[in-house]
Each structure stands twice: as C-alpha cells, then as structure tokens.
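Structural overview for review
Each chain, written out:
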Amino acid sequence: STLKQFQVGGYRPSELFFLIGADAFAEIESWKEYPALLGYSHFAVVSRPGHPVQSLPVQMPHLARLMTNPAVGPETLDTPSIILIDASTADVSSTTTRELRSQGRPITGLVDPGVQQHIEQHGLYTSRHPGRRAMDQQPDPAAGRLHGEG
C-alpha cells in the first residue's frame with residue numbers, strides 16, 4: 001500500500017495523515033489489510049453530507065478509543081489516531097466525478113480548477129477505449145510547462 005511505501009521511505013506513521021470522508025471511513029472494515037492500516041498513519045475523517053463524524057463513535061464503537069477531535073496536542077500526534085473533523089463539505093463524491101468523466105461530461109465546479117486541469121490533462125477517469133482518452137492524444141505544449149516540462 002502507499003502508506004507502507006511512505007514508511008519504507010522513512011516517514012513515521014505519526015507524520016502521515018490520510019484524509020477521508022466519513023462516508024468512506026464508515027466502510028474501512030471492508031478494506032484490504034484493515035485494521036493494520038489504522039497503524040500506518042493518522043486518519044483525518046471529515047463530515048460528508050448525510051454522514052456526520054459525530055455518528056462514527058456510535059457506529060464503530062470498537063474504534064471509538066482511537067477517535068479524537070481536531071484539538072490534538074503533541075501527545076495525540078505521537079501515535080496514529082482517527083481525527084474527527086466536523087466541517088461543511090460540498091455534496092460531491094469521487095464516484096460522481098469519475099462517472100461524469102467516463103461519460104465525457106464536464107466536472108466544472110465540482111472540483112478545484114487545478115484538480116480539474118490535472119484530471120483532464122492526464123485523461124483520468126475517461127473511457128478505456130484507445131484513442132479516446134486525453135492521454136492517448138498529443139499533449140498540449142503549454143500544459144506541460146505547468147509541470148516544469150518543455
């Protein structure tokens with residue numbers, strides 16, 4: 001996993017933060033290598049529309065002892081924890097973004113403009129048919145300069 005690769009690269013679990021929505025975190029028990037994943041980094045869990053972080057300790061009582069509010073101190077950061085962040089977020093999911101892109105529909109306004117540019121430049125989430133993905137086409141020379149190329 002990516003988190004393991006960071007550890008091999010010299011990062012301590014207490015130095016890493018995995019940002020995830022409360023809706024996705026509620027499914028973490030179905031992930032490969034759970035519960036070991038919880039020891040590889042902090043998990044910063046953010047409320048999502050219809051999925052408040054306040055419900056997670058009740059929904060997942062076996063993990064409640066690892067959950068903390070954003071007011072974390074140095075003692076909390078020494079060992080990986082689950083940081084619950086109650087914040088307003090847009091009602092947009094990565095699933096919706098992928099579906100729209102695969103249908104060739106725009107994602108303008110759903111993601112940050114820089115993220116949108118990266119997704120479009122690299123042909124992410126588009127059809128798997130050769131020649132139809134942005135990455136199968138000749139790159140725009142101006143776009144490469146954003147990444148230090150050209």
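Residues numbered from 1 in each chain as written. Predicted model: local features only at pLDDT ≥ 70, side-chain atom pairs only at ≥ 80, totals over all residues. Heavy atoms only, no water.

Brief notes about the confidence of the model for the chain
Close reading of the predicted structure is inappropriate where its pLDDT is low. Per-residue confidence for the chain gives a mean pLDDT of 81; residues scoring 70 or more make up 80%. Mean pLDDT per element in the chain: helix α7 (residues 141–145) is the minimum at 49, and helix α3 (residues 56–59) is the maximum at 95. Counting contacts from residues 129–137, a segment whose pLDDT is below 50, to residues more than four positions away or on other chains yields 15 contacts. (pLDDT = per-residue confidence, 0-100. Helix = DSSP H or I, 4+ residues; strand = E, 2+ residues; numbered from the N terminus. Contact = heavy atoms within 4.5 Å.)

Describing the sheet that holds strand β3 (residues 67–68)
With parallel pairing, the four strands of this open sheet are ordered in space as β1-β2-β4-β3. A strand with exactly one partner marks an edge of an open sheet, and here the two such strands are β1 (17–21) and β3. Of the strand pairs in this sheet, β3 and strand β4 (residues 82–85) are connected by two bridges, and their pairing is parallel. Among the inter-strand pairings, Met67 is bridged to a residue of β4, identified as Ile82. (Pairing = 2+ DSSP bridges.)

Overview of the pairing of β4
Remark: a regular strand shows side chains that alternate across the two faces of the sheet. Summarising the sheet, strand β2 (residues 42–46) and β4 pair through four bridges and their orientation is parallel. Across the sheet, the residue bridging to Val45 is Leu84, located in β4.

Looking at the pattern of salt bridges
Under the defined criterion, the tally for this structure stands at three salt bridges. Two residues, Asp23 and Arg48, come together in a salt bridge whose shortest N-O distance is 3.7 Å. You can see Asp23 sitting in helix α2 (residues 22–25) and its partner Arg48 sitting in the loop between β2 and α3, a full 25 residues away along the chain. Overall, Asp23 belongs to the partly exposed group, its relative accessible area being 26%. Accessibility expressed as a relative area gives 16% for Arg48, which makes it buried. (Salt bridge = Lys/Arg side-chain N within 4 Å of Asp/Glu carboxyl O. Buried < 20%, exposed > 50% of the residue type's maximum accessible area, 1.4 Å probe, protein only.)

Side note on helix α6 (residues 113–121)
Backbone nitrogen of Gly114 and a side-chain oxygen of the N-cap are separated by 2.8 Å at the start of α6; the cap is Asp112. Gly123 occupies a position one or two residues after α6 and carries a positive phi of about 65°. (Polar contact = N/O pair within 3.5 Å; in protein donor to acceptor, adjacent residues only side chain to side chain.)

Here we look at the packing of aromatic side chains
Counted under the stated rule, the structure contains four aromatic pairs. Between Phe6 and Tyr11, the aromatic rings sit 5.7 Å apart at their centres with planes inclined by 90°, giving edge-to-face as the arrangement. Residue Phe6 is classed as partly exposed on the basis of its relative accessible area, which comes to 36%. Aromatic side chains Phe25 and Phe43 sit 6.0 Å apart centroid to centroid with 55° between the ring planes, which places their arrangement in the tilted category. With Phe25 in helix α2 and Phe43 in strand β2, this pair connects stretches of sequence that are 18 residues apart. Phe43 shares its class with Phe25; the two are buried. (Phe/Tyr/Trp six-rings, centres within 6.5 Å; stacked < 30°, edge-to-face > 60°.)

A short note on unusual backbone geometry
Of note, the bond from Tyr34 into Pro35 is cis; its omega dihedral lies within 30 degrees of zero at 10°. Along the polypeptide, Pro35 turns up in the loop between α2 and β2. Phi at Glu33 takes a positive value of approximately 70°, unusual for a residue other than glycine. In this fold, Glu33 is placed in the loop between α2 and β2.

Here's the deal with the side chain of Ser41
Mapped onto the secondary structure, Ser41 falls in the loop between α2 and β2. A residue is classified by how much of its surface remains accessible, and Ser41, at 0% relative accessible area, is buried. When residues no more than four places from it in sequence are discounted, the contact partners of Ser41 are Leu3, Pro13, Leu16, Phe17, Phe18, Pro80 and Ser81.

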